[in-house]
Amino acid sequence: MHKRFDPIEGLTSIIIEAVMSSEDMPADEGLLFKLRLAVEEAVENIVNYAYSDGAGYLEADTSVKDGVLSIVLQDAGVPFNPLDKEDPDITLSAEDRPIGGLGIFLCKKLMDSVEYEFVNGCNKLTIRKRIA
Amino acid sequence: MNVTINQKGHAYEVVLEGRLDTTTAPKFQEDITPLMQVSKAEIIVDCAKLEYTSSQGLRLFLMLQKSVLKNGGSLVMKNMSAAVKEVFDITGFSNIITIQ
(Lines give C-alpha, C1' and ligand atoms only; values in the text may rest on other atoms or scores of the structure.)
Protein backbone atom coordinates (compact mmCIF):
# COMPACT_ATOMS: atom_id res chain seq x y z
CA MET A 1 0.00 0.00 0.00
CA HIS A 2 1.13 3.50 -0.69
CA LYS A 3 -0.92 6.49 0.38
CA ARG A 4 -0.21 10.19 0.61
CA PHE A 5 -2.10 12.62 2.82
CA ASP A 6 -1.65 16.33 2.23
CA PRO A 7 -2.29 18.36 4.29
CA ILE A 8 -2.49 16.11 7.32
CA GLU A 9 -4.12 18.50 9.75
CA GLY A 10 -7.12 16.85 11.41
CA LEU A 11 -6.61 13.57 9.55
CA THR A 12 -5.22 11.43 12.39
CA SER A 13 -8.07 8.91 12.43
CA ILE A 14 -8.41 8.85 8.63
CA ILE A 15 -4.70 8.04 8.25
CA ILE A 16 -4.87 5.35 10.95
CA GLU A 17 -7.89 3.70 9.28
CA ALA A 18 -6.21 3.86 5.86
CA VAL A 19 -3.10 2.10 7.15
CA MET A 20 -5.15 -0.45 9.11
CA SER A 21 -7.21 -1.29 6.02
CA SER A 22 -4.09 -2.09 3.99
CA GLU A 23 -4.16 -5.48 2.28
CA ASP A 24 -0.85 -6.20 4.02
CA MET A 25 -2.44 -6.34 7.47
CA PRO A 26 -2.80 -9.77 9.10
CA ALA A 27 -6.17 -11.31 10.03
CA ASP A 28 -5.16 -12.19 13.59
CA GLU A 29 -7.03 -9.95 16.03
CA GLY A 30 -4.31 -9.95 18.65
CA LEU A 31 -1.76 -8.76 16.11
CA LEU A 32 -4.18 -6.17 14.72
CA PHE A 33 -4.68 -4.73 18.22
CA LYS A 34 -0.93 -4.23 18.62
CA LEU A 35 -0.48 -2.88 15.10
CA ARG A 36 -3.35 -0.41 15.52
CA LEU A 37 -1.82 0.83 18.74
CA ALA A 38 1.63 1.25 17.18
CA VAL A 39 0.21 3.00 14.10
CA GLU A 40 -1.99 5.29 16.18
CA GLU A 41 0.85 6.40 18.42
CA ALA A 42 3.21 7.02 15.49
CA VAL A 43 0.68 8.81 13.28
CA GLU A 44 -0.61 10.95 16.12
CA ASN A 45 2.93 12.05 16.90
CA ILE A 46 3.48 13.15 13.30
CA VAL A 47 0.13 14.90 12.87
CA ASN A 48 0.56 16.78 16.15
CA TYR A 49 4.21 17.73 15.92
CA ALA A 50 5.70 17.47 12.43
CA TYR A 51 4.31 20.70 11.04
CA SER A 52 3.74 23.75 13.21
CA ASP A 53 0.73 24.80 11.10
CA GLY A 54 -0.48 21.32 10.09
CA ALA A 55 0.16 22.18 6.47
CA GLY A 56 2.33 19.34 5.31
CA TYR A 57 2.17 15.79 4.05
CA LEU A 58 2.53 12.27 5.37
CA GLU A 59 3.23 9.28 3.19
CA ALA A 60 2.33 5.83 4.47
CA ASP A 61 3.64 2.63 2.92
CA THR A 62 3.07 -0.95 3.96
CA SER A 63 4.68 -4.11 2.64
CA VAL A 64 5.26 -7.70 3.69
CA LYS A 65 8.48 -9.57 3.08
CA ASP A 66 9.33 -13.01 4.48
CA GLY A 67 6.43 -12.81 6.92
CA VAL A 68 7.48 -9.41 8.29
CA LEU A 69 5.14 -6.45 7.90
CA SER A 70 6.81 -3.07 7.42
CA ILE A 71 4.99 0.20 7.90
CA VAL A 72 6.89 3.27 6.74
CA LEU A 73 5.72 6.78 7.65
CA GLN A 74 7.43 9.78 6.08
CA ASP A 75 6.95 13.50 6.54
CA ALA A 76 8.90 16.64 5.64
CA GLY A 77 8.30 18.37 8.95
CA VAL A 78 10.67 19.47 11.67
CA PRO A 79 13.50 16.92 12.04
CA PHE A 80 12.44 14.89 15.04
CA ASN A 81 13.54 11.49 16.26
CA PRO A 82 10.80 10.17 18.57
CA LEU A 83 13.12 7.35 19.65
CA ASP A 84 15.46 9.86 21.33
CA LYS A 85 12.92 10.23 24.10
CA GLU A 86 13.87 8.38 27.25
CA ASP A 87 11.59 5.48 28.22
CA PRO A 88 9.17 6.34 31.04
CA ASP A 89 9.96 5.08 34.53
CA ILE A 90 7.22 2.49 34.90
CA THR A 91 8.11 1.76 38.54
CA LEU A 92 6.90 5.15 39.84
CA SER A 93 3.81 5.47 42.03
CA ALA A 94 0.58 6.90 40.60
CA GLU A 95 1.27 10.18 42.40
CA ASP A 96 4.71 10.49 40.81
CA ARG A 97 3.91 9.25 37.31
CA PRO A 98 3.71 12.08 34.80
CA ILE A 99 0.63 12.24 32.57
CA GLY A 100 1.45 11.17 29.03
CA GLY A 101 4.69 10.17 27.34
CA LEU A 102 3.64 6.55 26.75
CA GLY A 103 2.82 6.56 23.04
CA ILE A 104 6.15 5.85 21.40
CA PHE A 105 7.15 3.62 24.32
CA LEU A 106 4.12 1.40 23.60
CA CYS A 107 4.93 1.43 19.89
CA LYS A 108 8.46 0.21 20.63
CA LYS A 109 7.32 -2.43 23.12
CA LEU A 110 4.60 -3.91 20.92
CA MET A 111 6.55 -4.02 17.65
CA ASP A 112 9.64 -6.04 16.77
CA SER A 113 11.53 -2.93 15.71
CA VAL A 114 11.02 0.80 15.25
CA GLU A 115 13.67 2.73 13.36
CA TYR A 116 14.09 6.40 12.61
CA GLU A 117 16.11 8.00 9.83
CA PHE A 118 16.37 11.53 8.55
CA VAL A 119 16.77 11.18 4.79
CA ASN A 120 16.56 13.78 2.01
CA GLY A 121 15.08 16.31 4.39
CA CYS A 122 12.40 13.88 5.57
CA ASN A 123 11.58 12.10 8.80
CA LYS A 124 11.26 8.40 8.08
CA LEU A 125 9.86 6.02 10.69
CA THR A 126 9.91 2.30 9.93
CA ILE A 127 7.87 -0.06 12.09
CA ARG A 128 8.30 -3.81 11.69
CA LYS A 129 6.35 -6.75 13.06
CA ARG A 130 6.50 -10.43 12.20
CA ILE A 131 2.99 -11.48 11.19
CA ALA A 132 3.53 -15.00 9.85
CA MET B 1 -17.26 4.62 22.01
CA ASN B 2 -20.12 4.59 24.50
CA VAL B 3 -19.64 5.69 28.09
CA THR B 4 -22.35 5.04 30.67
CA ILE B 5 -22.01 6.27 34.24
CA ASN B 6 -24.34 4.83 36.89
CA GLN B 7 -24.27 6.51 40.28
CA LYS B 8 -25.49 5.20 43.64
CA GLY B 9 -24.36 7.42 46.50
CA HIS B 10 -20.56 7.48 46.44
CA ALA B 11 -20.41 4.52 44.06
CA TYR B 12 -19.89 5.23 40.39
CA GLU B 13 -19.95 2.49 37.78
CA VAL B 14 -18.37 3.56 34.51
CA VAL B 15 -19.21 1.20 31.65
CA LEU B 16 -17.01 1.50 28.58
CA GLU B 17 -18.00 0.13 25.20
CA GLY B 18 -15.89 0.34 22.07
CA ARG B 19 -12.49 1.82 21.28
CA LEU B 20 -10.76 4.41 23.43
CA ASP B 21 -8.41 6.17 21.06
CA THR B 22 -7.27 9.54 19.79
CA THR B 23 -10.76 10.19 18.38
CA THR B 24 -12.86 9.12 21.35
CA ALA B 25 -10.61 10.15 24.26
CA PRO B 26 -11.67 13.85 24.35
CA LYS B 27 -15.32 12.89 24.89
CA PHE B 28 -14.36 10.34 27.57
CA GLN B 29 -12.31 13.04 29.31
CA GLU B 30 -15.39 15.28 29.35
CA ASP B 31 -17.47 12.43 30.75
CA ILE B 32 -15.14 11.68 33.65
CA THR B 33 -14.02 15.21 34.52
CA PRO B 34 -16.91 15.70 37.00
CA LEU B 35 -15.90 12.43 38.74
CA MET B 36 -12.42 13.83 39.33
CA GLN B 37 -13.90 16.53 41.57
CA VAL B 38 -15.98 14.19 43.74
CA SER B 39 -14.80 13.54 47.30
CA LYS B 40 -14.49 9.86 48.25
CA ALA B 41 -15.86 8.57 44.95
CA GLU B 42 -15.72 4.78 44.68
CA ILE B 43 -15.26 4.27 40.99
CA ILE B 44 -15.55 0.94 39.21
CA VAL B 45 -14.72 0.93 35.52
CA ASP B 46 -16.25 -2.02 33.66
CA CYS B 47 -13.99 -2.83 30.71
CA ALA B 48 -15.83 -5.95 29.50
CA LYS B 49 -16.72 -4.22 26.24
CA LEU B 50 -13.64 -2.00 26.00
CA GLU B 51 -12.10 -3.28 22.76
CA TYR B 52 -8.99 -1.13 22.72
CA THR B 53 -7.11 1.63 24.46
CA SER B 54 -4.24 3.74 23.21
CA SER B 55 -1.99 6.00 25.28
CA GLN B 56 -4.79 8.59 25.07
CA GLY B 57 -6.93 6.30 27.20
CA LEU B 58 -4.08 5.52 29.57
CA ARG B 59 -3.46 9.17 30.34
CA LEU B 60 -7.11 9.56 31.35
CA PHE B 61 -7.05 6.45 33.57
CA LEU B 62 -3.95 7.85 35.28
CA MET B 63 -5.65 11.22 35.75
CA LEU B 64 -8.61 9.43 37.30
CA GLN B 65 -6.33 7.41 39.60
CA LYS B 66 -4.48 10.56 40.70
CA SER B 67 -7.81 12.27 41.42
CA VAL B 68 -9.18 9.45 43.61
CA LEU B 69 -5.93 9.35 45.59
CA LYS B 70 -6.23 13.08 46.16
CA ASN B 71 -9.95 12.98 47.00
CA GLY B 72 -9.87 9.93 49.27
CA GLY B 73 -11.76 7.70 46.84
CA SER B 74 -10.97 4.49 45.05
CA LEU B 75 -10.66 3.20 41.50
CA VAL B 76 -11.07 -0.40 40.37
CA MET B 77 -10.96 -1.57 36.77
CA LYS B 78 -12.62 -4.88 36.05
CA ASN B 79 -13.31 -7.36 33.24
CA MET B 80 -10.39 -6.21 31.12
CA SER B 81 -9.61 -8.20 27.96
CA ALA B 82 -6.19 -9.87 27.77
CA ALA B 83 -5.10 -7.40 25.08
CA VAL B 84 -6.02 -4.32 27.12
CA LYS B 85 -4.46 -5.89 30.23
CA GLU B 86 -1.21 -6.32 28.32
CA VAL B 87 -1.13 -2.58 27.61
CA PHE B 88 -1.56 -1.94 31.35
CA ASP B 89 1.21 -4.46 32.14
CA ILE B 90 3.71 -3.04 29.64
CA THR B 91 3.27 0.50 30.92
CA GLY B 92 3.36 -0.44 34.61
CA PHE B 93 -0.24 0.71 35.03
CA SER B 94 -1.16 -2.70 36.49
CA ASN B 95 0.94 -1.74 39.52
CA ILE B 96 -0.68 1.66 40.12
CA ILE B 97 -4.33 0.92 39.29
CA THR B 98 -6.33 -1.88 40.91
CA ILE B 99 -7.43 -4.42 38.31
CA GLN B 100 -9.92 -7.15 39.12
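Engineer: I'm lost on the interface of chain A and chain B in this one. Help?
Structural biologist: A common way to report how large an interface is uses the accessible area buried once the components associate. Contact with chain A, which involves 27 residues of that partner, is made by 26 residues of chain B. Where chain A abuts chain B, roughly 2100 Å² becomes buried across the two surfaces, and 65% of that area is made up of carbon and sulfur atoms. A per-residue breakdown of the area chain A buries against chain B is headed by Phe33(A), Ala94(A) and Ile99(A), which together make up 29% of the total. Residues Arg19(B) and Glu17(A) are paired through a salt bridge, measuring 3.5 Å at the closest nitrogen-oxygen approach. Applying the counting rule to chain A against chain B returns 13 residue pairs in polar contact (both at pLDDT 80 or more). Looking at the side of chain A that touches chain B, the elements that each hand over two or more residues are α1 (12–20), α2 (29–49) and α3 (103–110) of chain A. With 7 residues, the single largest contributor to the side of chain A that touches chain B is α2(A).

Engineer: I would appreciate a short explanation of the sheet that holds strand β3 (residues 42–53) of chain B in the present structure.
Structural biologist: Residue and element names in this part refer to chain B. Spatially, β1-β2-β3-β4-β5 is the arrangement adopted by the 5 strands of the open sheet, whose pairing is mixed. Two strands lie at the open edges of the sheet, namely β1 (2–8) and β5 (98–99), each paired on one side alone. Of the strand pairs in this sheet, strand β2 (residues 11–20) and β3 are connected by 9 bridges, and their pairing is parallel. Residue pairing for β3: valine 14 is matched across the bridge by valine 45. Sheet strands touched by helix α3 (residues 82–90): β3, β4 (74–78) and β5. Its angle to β3, the strand with the most contacts, is close to 110°.

Engineer: When you look at helix α1 (residues 25–32) of chain B in this model, what are you seeing that I'm missing?
Structural biologist: Since there are 3.6 residues in each turn of an α-helix, residues three or four apart along the chain are aligned in direction. Residue and element names in this part refer to chain B. Ala25, Phe28, Asp31 and Ile32 are the residues of α1 that are buried. All buried residues of α1 project into a common sector of 115° when viewed along the axis, lining one side. Elements in contact with the buried residues of α1: β1, β2 and α2 (55–71).

Engineer: I would appreciate a short explanation of the pattern of salt bridges in the present structure.
Structural biologist: If charged atoms from side chains of opposite charge come close, those side chains can pair. All names here are of chain A. Scanning the model with the defined rule gives 11 salt bridges over all chains in all. Here arginine 128 makes a salt bridge to glutamate 115, at a shortest N to O gap of 3.2 Å. Of this pair, arginine 128 sits in strand β5 (residues 122–130) while glutamate 115 sits in strand β4 (residues 113–119), and the two are 13 residues apart along the sequence. On the accessibility criterion, glutamate 115 (37% relative accessible area) is partly exposed. Three or more residues are tied together by salt bridges with common partners; here these are Arg4, Asp6 and Glu59.

Engineer: What's the story with the sheet that holds strand β1 (residues 2–5) of chain A in this structure? I'm lost.
Structural biologist: By way of backbone hydrogen bonds, the strands of a sheet pair with one another, either parallel or antiparallel. Residue and element names in this part refer to chain A. An order of β1-β2-β3-β5-β4 is seen for the 5 strands of this open sheet, with the pairing classed as antiparallel. Only two strands of the sheet have a single partner each, and these edge strands are β1 and β4. Direction aside, neighbouring strands of the sheet carry axes that sit 15° apart on average. Across 8 bridges, strand β2 (residues 58–65) lies against strand β3 (residues 68–75) in antiparallel orientation.

Engineer: How should the packing of α1(B) against α2(B) be read in this particular structure?
Structural biologist: Helix-helix packing is described using two parameters, namely the angle between the two axes and the distance between the axes. All names here are of chain B. Two numbers describe how α1 lies on α2: the axes approach to 10 Å, and their chain directions differ by 15°. Considered as vectors, α1 and α2 are oriented roughly parallel to each other. α1 and α2 meet at a crossing whose hand is right-handed. Between α1, through Ala25, Phe28, Gln29 and Ile32, and α2, the contact on the second element is made entirely by Gln56, Arg59, Leu60, Phe61, Met63 and Leu64. Tallied by class, the residues present in the contact of α1 with α2 amount to 7 nonpolar, 2 polar and 1 charged.

Quick notes on the rules
- Residues numbered from 1 in each chain as written.
- Chains lettered and ligands numbered in written order.
- Predicted model: local features only at pLDDT ≥ 70, side-chain atom pairs only at ≥ 80, totals over all residues.
- Heavy atoms only, no water.
- Contact = heavy atoms within 4.5 Å.
- Buried area = accessible area lost by both parts, 1.4 Å probe.
- Salt bridge = Lys/Arg side-chain N within 4 Å of Asp/Glu carboxyl O.
- Polar contact = N/O pair within 3.5 Å; in protein donor to acceptor, adjacent residues only side chain to side chain.
- Helix = DSSP H or I, 4+ residues; strand = E, 2+ residues; numbered from the N terminus.
- Pairing = 2+ DSSP bridges.
- Axes fitted to C-alpha atoms, helices over the stretch in contact; angles between N-to-C directions.
- Buried < 20%, exposed > 50% of the residue type's maximum accessible area, 1.4 Å probe, protein only.
- Arc of directions from axis to C-beta.
- Parallel < 35°, antiparallel > 145°, perpendicular 65-115°, else oblique.
- Left-handed = near helix turned anticlockwise from the far one by under 90°.
- Nonpolar A, V, L, I, M, F, W, Y, C, P; charged D, E, K, R; others polar.

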